[in-house]
Amino acid sequence: MTLQQEIVGNAMQMAVVNLRPGQTVYCEAGKFLFKTANVTMETRLSGPSGGGGQQQGGSGGMGGLLRQAMGTAMQVGQRVLAGESLAFQYFTAQGGEGTVGFAGVLPGEMRALELDGTRAWFAEKDAFVAAESSVEFGIAFSGGRTGMSGGEGFILEKFTGHGTVIIAGAGNFIDLNPADFGGRIEVDTGCVVAFEEGIQYGVQRVGGLNRQGIMNAVFGGEGLSLATLEGNGRVILQSLTIEGLANALKKAQGGDKQGPTGGLFSTHAG
């Protein structure tokens, strides 16, 4: 069954989730806001199994416990590589219906995606907020060498299974399908929030190693790379990038060092 949820708010949205008795929802650590008293909270290193979010017991004796421990270690290792939080928080309604609130970490929109088991969804890191326990969270790699050199999109969050997953981004969202624009769109690498399985995602350099390519990279404000999205499927973009927000805050505090050029010489957060 679909997770009963409502996205509320404007500039900084939140998701209010209504849980049926015994129903479980999980979130990335740091995304929880509030809950009713009859909702239990448990923090685990392991992700959901896709079968209700309950950890597998000690079936299989010592071998089963060892496989479970190795699986958890691999999940944690993947999340560390992706820069994600180490743990998930699980919320279960006991003795009746319960309510839980979640939010992202930046001013912007939230979106509830419905998975029917036929297509996975991919999202940029930190986009994940919460999901019902029948949705599996994983890490995917996309973009190859260009993704690594572009600094964006190489490591993605992946959601599979059946149910609702809630994501968040910065600024406002726009939904596009590359098939409506000749099969391909090119966007700022920081604007991609999420896309359906079937979309081919990559990172390309802005122009060649010529005068115009250098002008684009140095003065265009986009750096050296653009994200490419090809195919037929849903793509969600955001109007505000984390780098843009960080630079705006630095400029407001008198600490902007990027001068008039932006682009290649812009000050990066972190």
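Presented here is a report on the structure given in the accompanying data block. (Residues numbered from 1 in each chain as written. Predicted model: local features only at pLDDT ≥ 70, side-chain atom pairs only at ≥ 80, totals over all residues. Heavy atoms only, no water.)

**Examining the overall build of the chain**
Turning to step 1, where the next piece is worked out: Counting its regular elements, the chain contains four helices and 18 strands.
Turning to step 2, where the next piece is worked out: Expressed as a percentage of the 270 residues in the chain, the buried residues total 44%.
Turning to step 3, where the next piece is worked out: In the chain, the share of contacts with a sequence separation of at least 24, taken over all contacts with a separation of at least 6, comes to 79%.
Turning to step 4, where the next piece is worked out: Here the chain displays about 13300 Å² of accessible surface, and carbon together with sulfur accounts for 56% of that area. (Helix = DSSP H or I, 4+ residues; strand = E, 2+ residues; numbered from the N terminus. Buried < 20%, exposed > 50% of the residue type's maximum accessible area, 1.4 Å probe, protein only. Contact = heavy atoms within 4.5 Å. Areas by Shrake-Rupley, 256 points an atom, 1.4 Å probe, with all protein chains shown as cover.)

**Some remarks on the sheet that holds strand β7 (residues 98-103)**
Turning to step 1, where the next piece is worked out: The antiparallel open sheet is built from four strands, whose spatial order is β1-β2-β7-β4. Each edge of the sheet is formed by a strand with only one pairing partner; in this case those strands are β1 (4-8) and β4 (32-35). Strand-to-strand twist across the sheet, computed as the mean angle between neighbouring axes with direction ignored, equals 20 degrees.
Turning to step 2, where the next piece is worked out: Judged from the six bridges that link them, strand β2 (residues 14-19) and β7 form a sheet pairing that is antiparallel. Bridge pairing links V17 to V100 in β7. (Pairing = 2+ DSSP bridges. Axes fitted to C-alpha atoms, helices over the stretch in contact; angles between N-to-C directions.)

**Topic: the sheet that holds strand β16 (residues 200-205)**
Turning to step 1, where the next piece is worked out: An order of β14-β17-β16 is seen for the three strands of this open sheet, with the pairing classed as antiparallel. In this open sheet, the two edge strands, each paired with only one partner strand, are β14 (184-187) and β16. Here the average twist between neighbouring strands, direction ignored, is 25 degrees.
Turning to step 2, where the next piece is worked out: Note that β14 and strand β17 (residues 225-230) share four bridges and pair antiparallel. Residue pairing in the sheet places R184 in a bridge with E230 of β17.

**Some details on the nonpolar core**
Turning to step 1, where the next piece is worked out: By size, the foremost hydrophobic cluster in this structure holds 21 residues, and its most contacted members are Y26, F128, F159 and V165.
Turning to step 2, where the next piece is worked out: At the level of elements, β6 (88-93), β8 (110-116), β9 (121-124), β10 (128-132), β11 (135-141), β12 (155-168) and β15 (192-196) are the ones that each hand at least two residues to this core.
Turning to step 3, where the next piece is worked out: Considering every element that reaches this core, the biggest residue donor is β12, with four residues.
Turning to step 4, where the next piece is worked out: With near-sequence residues (within four places) excluded, F159 lies in contact with L115, A120, W121, A123, F128, V135, E136, F137 and V165.
Turning to step 5, where the next piece is worked out: Core analysis: the second largest hydrophobic core is formed by 16 residues, A15, V17, F91 and A168 among them. (Core = buried A, V, L, I, M, F, W, Y, C linked by side-chain atoms within 4.5 Å.)

**Re the pairing of β9**
The side chains of a regular strand alternate between the sheet's two faces.
Turning to step 1, where the next piece is worked out: A two-sided burial pattern is seen for β9, the buried positions comprising W121 and A123 on one face and F122 and E124 on the other.
Turning to step 2, where the next piece is worked out: With four bridges connecting them, β9 and β12 associate as antiparallel partners. Counterpart to E124 in the pairing with β12 is L156.

**A word on the environment of P107**
Turning to step 1, where the next piece is worked out: On the secondary structure map, P107 appears in the loop between β7 and β8.
Turning to step 2, where the next piece is worked out: Separated by 64 residues in the primary sequence, P107 and G171 place their C-alpha atoms 6.3 Å from one another.
Turning to step 3, where the next piece is worked out: Among residues more than four places away in sequence, those in contact with P107 are A11, M12, G169, A170 and G171.

**Considering the environment of A29**
Turning to step 1, where the next piece is worked out: Locating A29 in the fold gives a position in the loop between β3 (24-28) and β4.
Turning to step 2, where the next piece is worked out: For A29, a relative accessible area of 32% translates into the label partly exposed.
Turning to step 3, where the next piece is worked out: Spatially, the C-alpha atom of A29 lies 7.9 Å from that of L86, the residues being 57 residues apart in sequence.

**Let's talk about the packing of aromatic side chains**
Turning to step 1, where the next piece is worked out: If you walk through the whole model with that rule in mind, you get 12 aromatic pairs.
Turning to step 2, where the next piece is worked out: Their ring planes at 25 degrees and their centres at 5.6 Å tell us that Y26 and Y90 sit as a pair that is stacked. In this pair, Y26 sits in strand β3 while Y90 sits in strand β6, placing the two residues 64 residues apart along the sequence. The residues Y26 and Y90 share a single accessibility class, namely buried. (Phe/Tyr/Trp six-rings, centres within 6.5 Å; stacked < 30°, edge-to-face > 60°.)

**A short note on the pairing of β6**
Turning to step 1, where the next piece is worked out: Among the six residues that make up β6, six are buried, leaving the element largely enclosed by the rest of the structure.
Turning to step 2, where the next piece is worked out: Here β6 shows no split at all, with F88, Y90 and T92 on one side and Q89, F91 and A93 on the other all buried.
Turning to step 3, where the next piece is worked out: As judged from the five bridges shared by β3 and β6, these two strands associate in the antiparallel manner. Across the sheet, the residue bridging to T24 is T92, located in β6.
Turning to step 4, where the next piece is worked out: Where strand β5 (residues 39-44) lies against β6, six bridges are found, and the strand directions are antiparallel. Bridge pairing in β6 places E42 opposite Y90.

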